[in-house]
Amino acid sequence: MKAFEYVNALTPTSAAGLLGENGRYLAGGIDLLGEMKEYIATPSRVVNVKNLPESKTLTVSDGVLRLGANVTVAGIAAETEILTGWPALAEAARDVGSPQIRAVATLGGNLAQHSRCWYYRQRDLTCLKRGGNTCYARDGQNKYNAIFSGNPCISPVVSNLAVALSALDARVVVQRKEGEASLTVSELYQDAWSNPLAQNSLAPGDLILAVSVPSDGRKSAYLQMSEKSDFDWALVSCAVSGKIEDGKISGARIVLGSVAPVPLVAADAAAFLEGKPLDESSVTQAAEIALAKATPFAHNGYKVPIARALIRRALLKLLV
Amino acid sequence: MSDWPKKTEYLGRSTPRVDGPAKVTGAAKYASDVQPEGWLYGMILRSKWPSAVIRSIDLEKAKAVPGIKAAVTVRNGERHVRYYGEELAAVAGVSKQACLDALRLITVEASPQPFVVDVVEAIKPDSARVFADAPNLGEAKIKEEGDIHGAFGKCDVVVEGEFSTQVQLHQALETHGNTIQVETDDACTAWASTQGIFSVRDGLASNLNIPQTRVRVITDYMGGGFGAKFGPGVEGSLAARMSRETGLPVKIMLTRFEESLAVGIRPSSYQRIKLGADKEGKLIAFDLDAFGSAGFASGGSSAGGGGGAGFPAPYIYRVPNVRAKHAGVAINAGSARAFRAPGHPQGSFGMESILDDLAVKLGIDPVEIRLKNDPLELRRKEYEIGREKFDWLQKYRPPGTSPGPIKTGVGVAGATWGGGGRGTKAQATINPDGTVEIRCGTQDLGTGARTVVALVAAEIFGLPPERISARIGDTEFPASGGSGGSTTTASVAPAIFDVCTKALNELQVLSGVADARGANFDAACRKLGMEPVVMQGEWREGLSSSGVGGVQFAEVDVDTETGFIKVKKILVVQDCGLVVNKLTAESQVNGGVIMGLGYALYEQRVMDPQTGVCLNPNFETYKLPGAADVPEIEIVLLDMPERGVIGIGEPVTIPTAAAVANAVANAIGVRVHSLPITPDKVLEALGQIPAGPETASSDLDKSFVVVEDLPAVAGEFTDDVPS
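Residues numbered from 1 in each chain as written. Chains lettered and ligands numbered in written order. Predicted model: local features only at pLDDT ≥ 70, side-chain atom pairs only at ≥ 80, totals over all residues. Heavy atoms only, no water.

**Quick look at the overall build of chain B**
Alright, step 1. The helix and strand tally for chain B stands at 20 helices and 24 strands.
Alright, step 2. Whereas a compact globule of 723 residues would reach a radius of gyration of roughly 27 Å, chain B reaches 27 Å, a difference of no more than 12%.
Alright, step 3. Judged by the C-alpha coordinates and their principal axes, chain B covers about 80 × 70 × 50 Å.
Alright, step 4. Within chain B, buried positions represent 62% of all 723 residues.
Alright, step 5. Pairs at least 24 residues apart make up 82% of the contacts formed inside chain B by residues separated by at least 6 positions.
Alright, step 6. Surface summary for chain B: the accessible area is close to 25,700 Å², and the carbon and sulfur share equals 50%.
Alright, step 7. Taking the average location of the 72 positive side-chain charges in chain B and that of its 87 negative ones, the two points are 2 Å from each other. (Helix = DSSP H or I, 4+ residues; strand = E, 2+ residues; numbered from the N terminus. Rg over C-alpha atoms; globule rule 2.2 N^0.38 Å. Buried < 20%, exposed > 50% of the residue type's maximum accessible area, 1.4 Å probe, protein only. Contact = heavy atoms within 4.5 Å. Areas by Shrake-Rupley, 256 points an atom, 1.4 Å probe, with all protein chains shown as cover. Lys, Arg positive; Asp, Glu negative; His and termini not counted. Charge placed at Lys NZ, Arg CZ, Asp CG, Glu CD.)

Now the structure itself:
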């Protein structure tokens, strides 16, 4: 990698100040160091944000789960309160990387991670997302790419936690130049839907500080399908949530990962389910609706049946 | 009958590796760990173009980077590079960072040329050519026996299928590389990660143009090779040159990225097979049209160092009427090297798949059709043992009839291998204090060779293995061959037997102790006085043999809604002659099966047809099986001491993919014709993918139209059917 300066930030505001022209925040480093080793990121300064106050705390009060940005993925996976109150989040965390990665990777880093498209990560290519002219994946090896996109880049979002947090209606607290902002997960990613250069909606210098997740009596579930049994990216992931009364669902949220540049909220499918009993027939119809507008490429049409299966299975899991 | 003792104290038991503690504590020093005084890091600049004429390479800025001690080009003058990742230049410096910085300051003037990385594209007449003066599709070799044209008419049933196998990478955990020190007097010491210390020695002597006696190669420990680590490689040659230039040791260990581009592959294969039989299932006719690529040099008949892209067909079966045609295809990608059972997994997958299709069509049980057609009695016995152990008759049901969305299936396949022994020399020293040292210039590829040396010596002397100092991995020791072809144990064990038997005799003569073994050993040694016993010995006939069968049974679950395959169990029934160490023999089987699972389900090098680069040069997207993917592996070793020692490193990886593929077809009722069997292909086979643009596998299906009329020349096909 390119040589860089390393500084230790003690407060969020000093972190932003230290960043300079071409700096990057470092927490777990799983994503950033990978980009630096491939010269995809060449920051002249790396600002360590692991030691920011309160950033590693996890609290539950008044039914709201609050996670500091530096809570590790392993920490989320292991927390019994999350497992019982927000199972989709714990399940999503358990499927991230390997035990070693989960022990180091942070919530903030998982949300802010960059594209894993193999064209984007190829050191000798400059794809559209890296400022070039072409999305090579469109006419190339697009097996792992998106089946929905609002822009020429078809790199999918791969954060498991984003998918679960979106289904759980979480808010992401971000420090911006203008001050602190509380974003929905959709807002955190929406720029990536339309702008090929965007990984998410964070501007340079923006720093994720914390995430808060309401509970309001909802059940939730997360499922993903990978090629391998463990330590593999999701081909498709799916998180669902909703209130269940007498077997009927209300306020459902259905969110898909690894199929679009953003966590894909299947709002039509959720609306269809409102007030309906969850059974084979209703979940199958919901899955059909969710995938109706998918536009797969030459090698990723298989994501459609997988997404349908995961939606059906995740919804039925809410009854358990 | 072999000369091995009938009653054994150590042979055939499960003995932990003598160097296990050193490996797990980090005390064992691998080529990557060696740090001789003053050593420099070395790194290689590689082509960013899949094909280009290199006009000039300017090293001046690189040389000026602080800490850089040497910078060299691979070759002077203009040259044509033919794949992404081909070596251009190298630097050596005091830190990795200095080298990284320097590589980025080398300027290369190049004229990019048209290229092709996709085999199916490469055989089209209008494809870009890897070599301007020859088509990418080489002349086909053809094997004909009997009357193929008339034979199909006499068959009661004929099945046809098109199969393809991917490019697999060796992916040894320790990458390729060496630490090399060339002194001012041209004495060269190389710490090499190699499976052939003598071939590295000879390669370096030739590169440096010095006598072989001036080169010493040391491989105390190495982290796997699988056939791709026999020579010093370009990386070794560059390290040697830069060491000579600087007078300092230079270490070049490749990165995982480099490992994926330039140091060997298992060639791909595309096979169209037609198989005919009578209504009893007896095979009558076999017709194969095949091609595959061993990389850029694949146009040649045995290019690529791994013997080209050909494979044995109709594999282990004897069919009276055979036509088998195979052509190599050049593409702009790194060359093949020998890879654990070269050619066999490809041949096994095609033949065992079509054989199961035939069995299904005839309504014959897959084990039964193999018993009818397998010419090797031993393997037929293994099928019978396996059928019983696996509870096959209980588990097998007609294809696709398992209930529910997650379907269970079973499959079976067989393999063959040679694996005999050959010339190896060894020296034994028995000291008056009772210590024993064995020296043998073999190397431990990871199979437990050092433990084999200790165990055989222990058996002869009647001493516990830890009493034996087993020294290997040094070209100053008596010569042995490369660790390839599953020959190491069959070569080394007889040599150790020979030298130890001689040394024991000598000890008994000199000491006057009639039986100096075991409890009498130390007393006998004390009578030696000042003179140790030093004996030379070598491999000889009667202690090893060759030719094994081997069958595997697989049980899988297939999720028909997601395409996910979970392998539940693999049963291995394998003969291997005399079992020297049961524990390491079983480790070989486990490793072979796991590698076979990778071939069956996960592994595949992916090239980008638009840019010619490799898209998965890492363990993130080049998917190797992990612990969670490994099923229960049950091993039945047929211990046959009367046959002497036979290697099993290779046969045990051959049939896994075919057995798994057959199990998947049995589970879902349709066949996936290409490896690896990933969820997308399962869903496609099941007709679950909505109509849309063409998929990868349908591209493959069309490719066979193009090769309808392969030019044919007479040539020999590998024929590994044991007689």
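**Some details on the interface of chain B and chain A**
Alright, step 1. Listed by partner, the interface residues are 41 residues for chain B and 38 residues for chain A.
Alright, step 2. Summed over both sides, the interface of chain B with chain A buries roughly 3,400 Å², with 56% coming from carbon and sulfur.
Alright, step 3. Notably, a salt bridge pairs Asp559 of chain B with Arg313 of chain A, separated by 2.7 Å at the nearest N-O pair.
Alright, step 4. Along the contact surface separating chain B from chain A lie 18 residue pairs in polar contact (both at pLDDT 80 or more).
Alright, step 5. Sorting the residues of the side of chain B that touches chain A by element identifies α3 (96-103) and α19 (679-685) of chain B as the ones contributing at least two each.
Alright, step 6. Within the side of chain B that touches chain A, the residues separate by chemical class into 19 nonpolar, 10 polar and 12 charged. (Buried area = accessible area lost by both parts, 1.4 Å probe. Salt bridge = Lys/Arg side-chain N within 4 Å of Asp/Glu carboxyl O. Polar contact = N/O pair within 3.5 Å; in protein donor to acceptor, adjacent residues only side chain to side chain. Nonpolar A, V, L, I, M, F, W, Y, C, P; charged D, E, K, R; others polar.)

**Quick look at the sheet that holds strand β18 (residues 436-440) of chain B**
Residue and element names in this part refer to chain B.
Alright, step 1. Ordered by their spatial adjacency, 4 strands build an open sheet running β19-β18-β17-β20, and the pairing between neighbours is mixed. Each having just a single partner strand, β19 (468-472) and β20 (533-538) make up the two edges of the open sheet. The mean angle between the axes of side-by-side strands here comes to 15°, regardless of whether they run parallel or antiparallel.
Alright, step 2. Relative to β19, β18 runs parallel, the two sharing 5 bridges. Bridge pairing links Ile438 to Ala470 in β19.
Alright, step 3. Where helix α14 (residues 449-461) meets the sheet, it contacts β17 (425-430), β18 and β19, and its direction lies at approximately 140° from that of β19.
Alright, step 4. Together, β17, β18 and β20 form the strand contacts of helix α15 (residues 488-511), whose direction differs from that of β20 by roughly 145°. (Pairing = 2+ DSSP bridges. Axes fitted to C-alpha atoms, helices over the stretch in contact; angles between N-to-C directions.)

**Brief notes about the packing of aromatic side chains**
All names here are of chain B.
Alright, step 1. Scanning the model with the defined rule gives 14 aromatic pairs over all chains in all.
Alright, step 2. Summarising the aromatic geometry, the rings of Trp39 and Tyr41 are spaced 4.6 Å apart at their centres and angled 50° between planes, so their arrangement reads as tilted.
Alright, step 3. We classify Trp39 as buried; its relative accessible area is 18%.
Alright, step 4. The exposure class assigned to Tyr41 is partly exposed, which follows from its relative accessible area of 30%.
Alright, step 5. Measuring from centroid to centroid gives 5.3 Å for Trp392 and Tyr396, while their planes differ by 20°, and the two rings are stacked.
Alright, step 6. Through a chain of ring-to-ring contacts, three or more aromatic side chains come together here, namely Phe390, Trp392, Tyr396 and Phe553.
Alright, step 7. In this structure, Lys274 packs its charged tip against the face of Phe152, placed 4.4 Å from the ring centre.
Alright, step 8. Positioned above the aromatic ring of Tyr221 is the side chain of Arg450, whose terminal nitrogen or guanidinium carbon lies 4.6 Å from the ring centre. (Phe/Tyr/Trp six-rings, centres within 6.5 Å; stacked < 30°, edge-to-face > 60°. Lys NZ or Arg CZ within 6 Å of the ring centre and 35° of its normal.)

**With respect to helix α12 (residues 303-317) of chain A**
Every α-helix winds through 3.6 residues per turn, so residues three or four apart in the chain are directed the same way.
Alright, step 1. For α12 of chain A, which comprises 15 residues, the first-to-last C-alpha distance of 21 Å matches the rise-based estimate of 21 Å (1.5 Å per residue) to within 8%.
Alright, step 2. Counting buried positions along α12 of chain A gives 11 out of 15 residues, so the element sits mostly inside the fold. (Expected span 1.5 Å × (residues − 1).)

**Regarding the domain arrangement of chain A**
All names here are of chain A.
Alright, step 1. Partitioning chain A into structural domains gives domain 1 (1-53), domain 2 (58-113 + 155-213) and domain 3 (219-317).
Alright, step 2. Centre-to-centre, using C-alpha coordinates, domain 2 lies 19 Å away from domain 3.
Alright, step 3. The interface of domain 2 with domain 3 comprises 28 residues on the first partner and 26 residues on the second.
Alright, step 4. With both sides pooled, the region where domain 2 packs onto domain 3 buries about 2,100 Å², and carbon together with sulfur makes up 62% of that total.
Alright, step 5. Of all residues in domain 2, Val157, Val163 and Ala167 give up the largest surface area on contact with domain 3, accounting jointly for 25% of the area buried on that side. (Domains from an automatic or database assignment.)

**So, α14 of chain B**
Alright, step 1. With 13 residues, α14 of chain B extends 18 Å between its outermost C-alpha atoms, agreeing within 8% with the 18 Å of an ideal straight helix rising 1.5 Å per residue.
Alright, step 2. Counting buried residues in α14 of chain B gives 13 out of 13 residues, a clear majority hidden from the surface.

**Examining the nonpolar core**
Residues and elements named next belong to chain B.
Alright, step 1. Judged by nonpolar contacts, the single largest core of 84 residues is most densely connected at Phe286 and Val660.
Alright, step 2. For this core, the element with the highest residue contribution is helix α18 (residues 656-668), accounting for 9 residues.
Alright, step 3. In this structure Val660 touches Ala554, Val556, Val567, Ile570, Leu597, Ala600 and Leu601, once residues within four positions along its chain are discounted. (Core = buried A, V, L, I, M, F, W, Y, C linked by side-chain atoms within 4.5 Å.)

**What about the packing of helix α17 (residues 582-602) of chain B against α18 of chain B?**
Residues and elements named next belong to chain B.
Alright, step 1. It is the contact of α17 with α18, at a shortest axis distance of 8 Å, that shows an interaxial angle of 50°. The angle between the axes of α17 and α18 places the two elements in the oblique class. For the element pair α17 and α18, the recorded crossing hand is right-handed. Along its contact with α17, which presents Gly592, Val593, Gly596, Leu597, Tyr599, Ala600 and Leu601, the element α18 presents Thr656, Ala657 and Val660. (Parallel < 35°, antiparallel > 145°, perpendicular 65-115°, else oblique. Left-handed = near helix turned anticlockwise from the far one by under 90°.)

**Details of the domain arrangement of chain B**
Residues and elements named next belong to chain B.
Alright, step 1. Each assigned domain of chain B is listed here: domain 1 (20-28 + 421-466 + 479-538), domain 2 (40-113 + 176-253) and domain 3 (341-414 + 546-704).
Alright, step 2. The centre of domain 1, based on its C-alpha atoms, is set 39 Å off from the matching centre of domain 3.
Alright, step 3. Contacts between the two partners involve 12 residues from domain 1 and, on the opposite side, 11 residues from domain 3.
Alright, step 4. Each partner contributes to the roughly 770 Å² buried at the junction of domain 1 and domain 3, and carbon and sulfur atoms together form 62% of this total.
Alright, step 5. Counting the surface domain 1 buries against domain 3, the share from its top three residues, Thr447, Leu455 and Ser486, is 50%.
Alright, step 6. Along the contact surface separating domain 1 from domain 3 lie 0 salt bridges.
Alright, step 7. On the surface where domain 1 and domain 3 come into contact, there are 3 residue pairs in polar contact (both at pLDDT 80 or more).
Alright, step 8. Sorting the residues of the side of domain 1 that touches domain 3 by element identifies α14 and α15 as the ones contributing at least two each.
Alright, step 9. No other element matches α14, which puts 4 residues into the side of domain 1 that touches domain 3.

**Considerations on the side chain of Glu86 of chain B**
Residues and elements named next belong to chain B.
Alright, step 1. With respect to the helices, strands and loops of the structure, Glu86 is situated in the loop between β4 (79-81) and β5 (87-93).
Alright, step 2. We classify Glu86 as buried; its relative accessible area is 9%.
Alright, step 3. Separated by 2.7 Å, the side chain of Glu86 and the backbone nitrogen of Arg82 make a polar contact.
Alright, step 4. When neighbours within four sequence positions are excluded, Glu86 is seen to be in contact with Leu45, Arg46, Ser47, Arg79, His80 and Val81.

**Quick notes on the pairing of strand β7 (residues 179-184) of chain A**
Residue and element names in this part refer to chain A.
Alright, step 1. Sheet topology note: the strand β6 (residues 171-176)/β7 ladder contains 6 bridges and is antiparallel. Bridge pairing links Val172 to Leu183 in β7.
Alright, step 2. Once β6 ends, the chain turns through 2 residues before running back antiparallel as β7.

**Regarding the pattern of salt bridges**
Alright, step 1. On inspection of all chains with the given rule, the structure shows 55 salt bridges over all chains.
Alright, step 2. As a salt-bridge pair, Lys48 of chain B and Asp124 of chain A come within 3.1 Å of each other at their nearest N and O atoms. Separated into two different chains, Lys48 of chain B in the loop between β1 (40-46) and β2 (52-58) and Asp124 of chain A in the loop between α7 (107-112) and α8 (160-167) make up a pair that spans both.
Alright, step 3. Overall, the relative accessible area of 25% leaves Asp124 of chain A in the partly exposed class.
Alright, step 4. Here Arg46 of chain B and Glu258 of chain B are joined by a salt bridge, their closest N and O atoms 2.8 Å apart. In this pair, Arg46 of chain B sits in strand β1 while Glu258 of chain B sits in helix α8 (residues 256-259), placing the two residues 212 residues apart along the sequence.
Alright, step 5. Exposure remark for Arg46 of chain B: the relative accessible area of 8% places this residue in the buried category.
Alright, step 6. Residue classification places Glu258 of chain B among the buried positions, given a relative accessible area of 8%.
Alright, step 7. Counted as one network, the salt bridges with shared partners bring together Arg24, Asp31, Glu35, Arg116 and Arg121 of chain A together with Glu620 of chain B.

**Let's talk about the confidence of the model for chain B**
Residue and element names in this part refer to chain B.
Alright, step 1. Across chain B, the average pLDDT comes to 93, with 94% of residues at or above 70.
Alright, step 2. In this model residues 299-306 is a low-confidence stretch, pLDDT under 50, and it forms 22 contacts with partners more than four residues away in sequence or in other chains.
Alright, step 3. Counted against residues more than four places away or in other chains, residues 694-723, with its pLDDT under 50, gives 73 contacts. (pLDDT = per-residue confidence, 0-100.)

**Description of the sheet that holds strand β12 (residues 264-265) of chain A**
All names here are of chain A.
Alright, step 1. Here 4 strands make up an open sheet; going across it, the order is β9-β10-β11-β12 and the pairing antiparallel. Looking at the sheet topology across the chains shown, the edges are occupied by β9 (219-225) and β12.
Alright, step 2. The sheet contact formed by strand β11 (residues 248-257) and β12 spans 2 bridges and is antiparallel. By the bridge assignment, Val255 is partnered in β12 with Val265.

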